[in-house]
Amino acid sequence: MEVQRPRYLEKLIEKKDNGRVKIVTGVRRCGKTYLLFELYRKYLLSCGINENQIIKIDLDAISMIKYRNPIALNNFIRRKIKNKEKRHYIFIDEIQFVEEIPNPYLDGIGEKITFVDLVIGLMKTPNTDVYITGSNSRMLSTDVLTQFRDRGDEIRVYPFSFAEFLASYEGEKRVAFDEYCLYGG
């Protein structure tokens, strides 16, 4: 069953290329990754964006574990930005997995480097549009928007409404309601 999320997709579309980081938040399993990696990606492709202009990083995948270091992640993304003339769309899923590390240039004293530093640096790169997802309590709080110092737009995603569920359900409405009540959105 493929559920379309037009309300959330429209929010992403209207914020596209606005110079701010798009912060997609919501509880676990509500569809943040699917919205970004599938629905929004398909939208970008339909607008003529090439697949190689979309950089997807899924930080909860074991194959991406080394990129939980903000410096390693920054280097990885910047190597992917091959064509400086074209805009690149950077999707980082589960950004809260990026670890805080000591600044290696300050000999262990001073500030730590966090995902906020990474994202702000990417956002300031002229040919990028940055999208992040997160679902822990830190990402769901208003603190995350404060950390981006008015440089971020939050798109809060909720589990499927019954209308969204029903639109994709292939069967009787009453059975759909029973399943929705049993399994939830």
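Refer to the structure printed above.
None of these values were measured; they are calculated from a predicted model. (Residues numbered from 1 in each chain as written. Predicted model: local features only at pLDDT ≥ 70, side-chain atom pairs only at ≥ 80, totals over all residues. Heavy atoms only, no water.)

Q: Please provide a residue-by-residue account of the pattern of salt bridges, values included.
A: Here the structure, examined in full by the defined rule, presents 9 salt bridges. One salt bridge connects Asp129 with Lys22, and the closest N-O pair in it is separated by 2.4 Å. Within this pair, whereas Asp129 is found in strand E6 (residues 128–134), its partner Lys22 is found in strand E1 (residues 21–25), the two being separated by 107 residues in sequence. Classification of Asp129 by relative accessible area gives buried; the value is 2%. With a relative accessible area of 0%, Lys22 lands in the buried category. Of the charged contacts in the structure, one is a salt bridge between Arg41 and Glu51, with a shortest N-O distance of 3.0 Å. Separated by 10 residues along the polypeptide, Arg41 in helix H2 (residues 32–46) and Glu51 in the loop between H2 and strand E2 (54–58) bring together distant segments of the chain. (Salt bridge = Lys/Arg side-chain N within 4 Å of Asp/Glu carboxyl O. Helix = DSSP H or I, 4+ residues; strand = E, 2+ residues; numbered from the N terminus. Buried < 20%, exposed > 50% of the residue type's maximum accessible area, 1.4 Å probe, protein only.)

Q: Residues and numbers for the nonpolar core, please.
A: If you look at the biggest cluster of nonpolar residues, it comprises 24 residues, and the most contacted ones within it are Ile57, Leu73, Ile77, Ile90, Ile92, Ile95 and Ile132. For this core, the elements supplying multiple residues, two or more each, are E1, E2, helix H3 (70–80), strand E3 (88–93), helix H4 (115–123) and E6. Leu73 has contacts with Ile57, Leu59, Tyr67, Ile92, Val98 and Leu118, leaving out every residue within four places of it along the chain. Judged by nonpolar contacts, the second largest core, of 18 residues, contains Val24, Leu39, Ile49 and Tyr131. (Core = buried A, V, L, I, M, F, W, Y, C linked by side-chain atoms within 4.5 Å. Contact = heavy atoms within 4.5 Å.)

Q: Can you explain a positive patch on the surface? Please cite residues and give values.
A: Side chains of Lys66, Arg79, Lys80 and Lys82 sit close together on the surface and give a patch of like positive charge. As for its placement among the helices and strands, Lys82 is situated in the loop between H3 and E3. Exposure remark for Lys82: the relative accessible area of 70% places this residue in the exposed category. (Patch = residues over 30% accessible without salt bridge, like charges linked within 9 Å, V, L, I, M, F, W, Y side chains within 5 Å. Areas by Shrake-Rupley, 256 points an atom, 1.4 Å probe, with all protein chains shown as cover. Lys, Arg positive; Asp, Glu negative; His and termini not counted. Charge placed at Lys NZ, Arg CZ, Asp CG, Glu CD.)

Q: Now, about the packing of aromatic side chains: what can you tell me, with residues and values included?
A: Applying the stated criterion across every chain yields a total of 9 aromatic pairs. Their ring planes at 35 degrees and their centres at 4.3 Å tell us that Tyr67 and Phe76 sit as a pair that is tilted. Considering the side-chain rings of Phe165 and Tyr180, the 5.6 Å spacing of their centres and the 50 degrees angle between planes classify their relative orientation as tilted. Placement of Phe165 in helix H7 (residues 162–168) and of Tyr180 in helix H8 (residues 173–183) is noted, with a sequence separation of 15 residues between them. Here the two residues Phe165 and Tyr180 agree in accessibility, since each one is buried. In textbook terms, an aromatic cluster arises when at least three aromatic residues are bridged by ring pairs, as seen for Phe37, Tyr40, Tyr43, Phe91 and Tyr131. Residue placement shows Lys22 over the ring face of Tyr131; its charged tip is 5.0 Å from the ring centre. Cation over ring: Arg68 sits above Phe97, and NZ or CZ is 4.4 Å from the ring centre. (Phe/Tyr/Trp six-rings, centres within 6.5 Å; stacked < 30°, edge-to-face > 60°. Lys NZ or Arg CZ within 6 Å of the ring centre and 35° of its normal.)

By themselves, these figures tell us nothing about what the structure is for.
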